[in-house]
Amino acid sequence: MQDNDLVRFSIAVPAGLLRQFDEQIERTRGDRNRSEAVRDLIRSSIVREKLRTPEEEVIGSLTMIYDHHAGDLTRRLDDIQHDYTDEIVSTLHVHLDHHNCLEILALRGTGERVYELADRLLALKGVSHGELTCAATEGSLGL
Ligand code: NI
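Treat the numbers as computed from the prediction; the structure is a model and nothing was measured.

Any chance you could explain the domain arrangement of the protein chain here in plain terms?
Once the domains are mapped, the protein chain shows domain 1 (15-51) and domain 2 (57-136). Each of domain 1 and domain 2 was reduced to a C-alpha centroid, and the two centroids are 30 Å apart.

What exactly am I supposed to notice about the packing of helix α3 (residues 73-81) against helix α4 (residues 111-122) here?
Between two packed helices, the angle of one axis relative to the other and the distance separating the axes together describe the packing. Remark: α3 packs on α4, axes separated minimally by 10 Å, with the N-to-C direction vectors making an angle of 170 degrees. Comparing the axis directions of α3 and α4 gives the class roughly antiparallel. Residues Leu77, Ile80 and Gln81 of α3 pack against Leu117, Arg120 and Leu121 of α4. Grouping the constituent residues of the contact of α3 with α4 by class yields four nonpolar, one polar and one charged.

What exactly am I supposed to notice about the pairing of strand β2 (residues 88-95) here?
Successive side chains on a regular strand alternate, one facing one side of the sheet and the next facing the other. Both β2 and strand β3 (residues 100-110) contribute to a ladder of seven bridges, which runs antiparallel. Paired with Val94 across the bridge in β3 is Leu102. Between the end of β2 and the start of β3, which pair antiparallel, lie four residues.

What should I look at first to understand the pattern of salt bridges in this one?
Side chains that differ in charge, positive against negative, can pair when their charged atoms come close. Enumeration over the complete set of coordinates arrives at nine salt bridges. A salt bridge links Arg120 to Asp83; its shortest N-O distance comes to 3.7 Å. With Arg120 in helix α4 and Asp83 in the loop between α3 and β2, the pair connects residues that are 37 residues apart, well separated along the chain. Its relative accessible area of 34% is what places Arg120 among the partly exposed residues. For Asp83, a relative accessible area of 45% gives the class partly exposed. Salt-bridge contacts for Arg113 lead to Glu87; the nearest nitrogen and oxygen are separated by 3.1 Å. Of the two residues, Arg113 sits in helix α4 while Glu87 sits in the loop between α3 and β2, which places them 26 residues apart along the sequence. Arg113 sits in the partly exposed class, given a relative accessible area of 28%. Where salt bridges share partners, they join Asp72, Arg75 and Asp79 into one cluster.

Please explain the sheet that holds β3 as it appears in this structure.
Read across the sheet, four strands follow the order β2-β3-β1-β4 without closing on themselves; strand pairing throughout is antiparallel. The open sheet has two edge strands with one neighbour each: β2 and β4 (127-135). Within the sheet, the average angular offset between the axes of one strand and its neighbour, ignoring direction, is 15 degrees. Of the strand pairs in this sheet, strand β1 (residues 57-67) and β4 are connected by eight bridges, and their pairing is antiparallel. Among the inter-strand pairings, Tyr66 is bridged to a residue of β4, identified as Val127. Relative to β1, α3 is tilted by about 170 degrees, and along the sheet it contacts β1, β2, β3 and β4. The strands touched by α4 within the sheet are β1, β2, β3 and β4, with β3 carrying the most contacts at an inclination of about 160 degrees.

What am I meant to see in α3 here?
Spacing of three or four residues puts side chains on the same side of an α-helix, whose turn is 3.6 residues. All buried positions along α3 are accounted for by Leu73, Leu77, Ile80 and Gln81. The buried side chains of α3 occupy one side of the element, clustering within an arc of 100 degrees when seen end-on.

Reading guide: rules and limits
- Residues numbered from 1 in each chain as written.
- Predicted model: local features only at pLDDT ≥ 70, side-chain atom pairs only at ≥ 80, totals over all residues.
- Heavy atoms only, no water.
- Domains from an automatic or database assignment.
- Axes fitted to C-alpha atoms, helices over the stretch in contact; angles between N-to-C directions.
- Helix = DSSP H or I, 4+ residues; strand = E, 2+ residues; numbered from the N terminus.
- Parallel < 35°, antiparallel > 145°, perpendicular 65-115°, else oblique.
- Contact = heavy atoms within 4.5 Å.
- Nonpolar A, V, L, I, M, F, W, Y, C, P; charged D, E, K, R; others polar.
- Pairing = 2+ DSSP bridges.
- Salt bridge = Lys/Arg side-chain N within 4 Å of Asp/Glu carboxyl O.
- Buried < 20%, exposed > 50% of the residue type's maximum accessible area, 1.4 Å probe, protein only.
- Arc of directions from axis to C-beta.

This is the structure in structure tokens:
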């Protein structure tokens, strides 16, 4: 059996739970069917587990909002990012208003490096919002 071969299996689920799951699929996933939704859940569960392994490769995005007037924040953000040129695939910077900037970094690297970068950036004073979201595409992480 190959990794991409589909395998059927049956699981027992309380009727009410399954009904809520089907309603959620209908509401949030458009034309996805139940099998695809369950596959997504399995994948994200495995990804979450693998992300805890520092040497696993992960992809993700880091979103930050910060006040570019705050001290030397802009320079410090730059300094740190220059230590992670292998991990930062792309950046998007939006000047939101007179004070605030939105910055989104597309990241790819080992879990250790990606999380370390996010921790260092989000620890800086003046960063008012920050969130790291990691994911995997089909094919990466052997999924
Ligand atoms: Ni800006």
